[in-house]
Structure formats: structure tokens, C-alpha cells
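# Close look at the chain arrangement
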Amino acid sequence: MKVFLDTNILLDYLLKRQPFYDSTKKVFEMCLYKIDGYITPHSLIDVFYILSEKTDASIEYCLETILKLRAVLYVIPENDDRVFTAARNTSFSDFEDSMQNESALYAGVDYIITRNKKDFEKSAIPVVTTDEFIELAKNLK
């Protein structure tokens, strides 16, 4: 199974944000052995920025975190065609969400996992929260 992790899921996990941390941790653990997790390059950029600017983490720690994420998750390439399609997609009012959606479509994921389902309500891909995904995944072998 392939899932797309929205940036807020990455940040909930890395920053141990409550009350979301426990369920995001379970999803990350599943990405290690049970499912394929996908992200975009700009999610990694956002993570690096927030870790380096909004916490007391060193640059070295931030870069190591990016490399660890890359080792566990697949990074979907972004290109001009996807940017163009995302920018022209009037179903999304937020360009970043549209770009995330286009990347998820390109990767052929089964679910988008996010904390903000309303951001993806126009997606053709089923959108779930971490808790909803954990419940769905109980049936996975």
C-alpha cells in the first residue's frame, strides 16, 4: 500500500506535537515495514525550515533529520508539468495543497494522510487522518 504524508504529519511526528504524536508515530512505524510512504521535496524544505528556525536544533541535526526521512520515505519528483497542473487546478484554493495533491496523483498513492482533510476535499484520492488510517490498516497483512 502507498500513502502520501502531508507536511503536517511530518511535523506532528518530528516535533512530537500533542495530541497528534502517538498516531503519527504509528504511521511512521508502518512506513518502516508495512506500507510505502511518499512525500514531496518541498515538504522536506518546510521541515528543514521549521526545525532550524522554530526550534533550537542545530543545522547538522536538521540535515540529518532530512536524510533520515529520505531513508524511510519516497520523495516524489516535482516538475514543471505538475507545477503547471497544480497552479491551474481551481478545485484547490491553496497552491501548496494542490501541488501535494498532484504529486500524490503522480505517485499513484492509495491514501493521502493529513490532519486537515478539508484541504484535500476535492482530491480524487481518499483522504484520511492518521487515526482513520490506523483503523484501515488493521486489515493489512
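For the structure, check the block above.
Residues numbered from 1 in each chain as written. Predicted model: local features only at pLDDT ≥ 70, side-chain atom pairs only at ≥ 80, totals over all residues. Heavy atoms only, no water.

## Structural notes on helix 3 (residues 41–54)
Its 14 residues place the ends of helix 3 20 Å apart at the C-alpha level, agreeing with the 20 Å of an ideal helix rising 1.5 Å per residue. Listed in full, the buried residues belonging to helix 3 are His42, Ser43, Leu44, Val47, Leu51 and Ser52. Elements in contact with the buried residues of helix 3: helix 1 (7–14), strand 2 (36–39), helix 4 (59–72), strand 3 (74–75) and helix 6 (95–107). (Helix = DSSP H or I, 4+ residues; strand = E, 2+ residues; numbered from the N terminus. Expected span 1.5 Å × (residues − 1). Buried < 20%, exposed > 50% of the residue type's maximum accessible area, 1.4 Å probe, protein only. Contact = heavy atoms within 4.5 Å.)

## Describing the nonpolar core
The biggest cluster of nonpolar side chains holds 25 residues, and the ones touching the most others in it are Leu5, Leu10, Leu73, Ile113 and Phe133. For this core, the elements supplying multiple residues, two or more each, are strand 1 (2–5), helix 1, helix 2 (21–33), helix 3, helix 4, strand 4 (111–113) and helix 7 (130–137). A per-element tally of this core places helix 2 first, with four residues. Once you skip the residues sitting within four places of it in the chain, Leu10 turns out to touch Leu5, Phe28, Ile39, Ser43, Val47, Leu69 and Leu73. Phe4, Tyr38, Ile76 and Ala104 belong to the second-largest nonpolar core, a separate cluster that totals 11 residues. (Core = buried A, V, L, I, M, F, W, Y, C linked by side-chain atoms within 4.5 Å.)

## Topic: the environment of Leu10
Along the chain, Leu10 turns up in helix 1. Spatially, the C-alpha atoms of Leu10 and Ile39 are 9.1 Å apart, while their sequence positions differ by 29 residues.

## Some points on the layout of surface pockets
Approximately 320 Å³ is the volume attributed to the largest pocket. What lines the largest pocket is a set of 15 residues, among which Tyr13, Leu14, Phe28, Lys68 and Leu69 lie closest to the centre. If one sorts the elements of the lining of the largest pocket by residue count, helix 4 sits on top with six residues. (1 Å grid on protein atoms, 1.4 Å probe; cavity = no way out; pocket = protein on both sides within 12 Å on 5 of 7 lines; lining within 4 Å. Points joined across faces, edges and corners; volume = space filled by probe spheres on them.)

## Overview of the packing of helix 3 against helix 6
Viewed as axis vectors pointing N to C, helix 3 and helix 6 meet at an angle of 130 degrees, and their least axial separation amounts to 10 Å. Our classification of the angle between helix 3 and helix 6 gives oblique. Residues His42, Ser43 and Asp46 of helix 3 touch helix 6, and the partners they reach there are Glu96, Met99 and Gln100. Here the residues of the contact of helix 3 with helix 6 are counted per class, giving one nonpolar, three polar and two charged. (Axes fitted to C-alpha atoms, helices over the stretch in contact; angles between N-to-C directions. Parallel < 35°, antiparallel > 145°, perpendicular 65-115°, else oblique. Nonpolar A, V, L, I, M, F, W, Y, C, P; charged D, E, K, R; others polar.)

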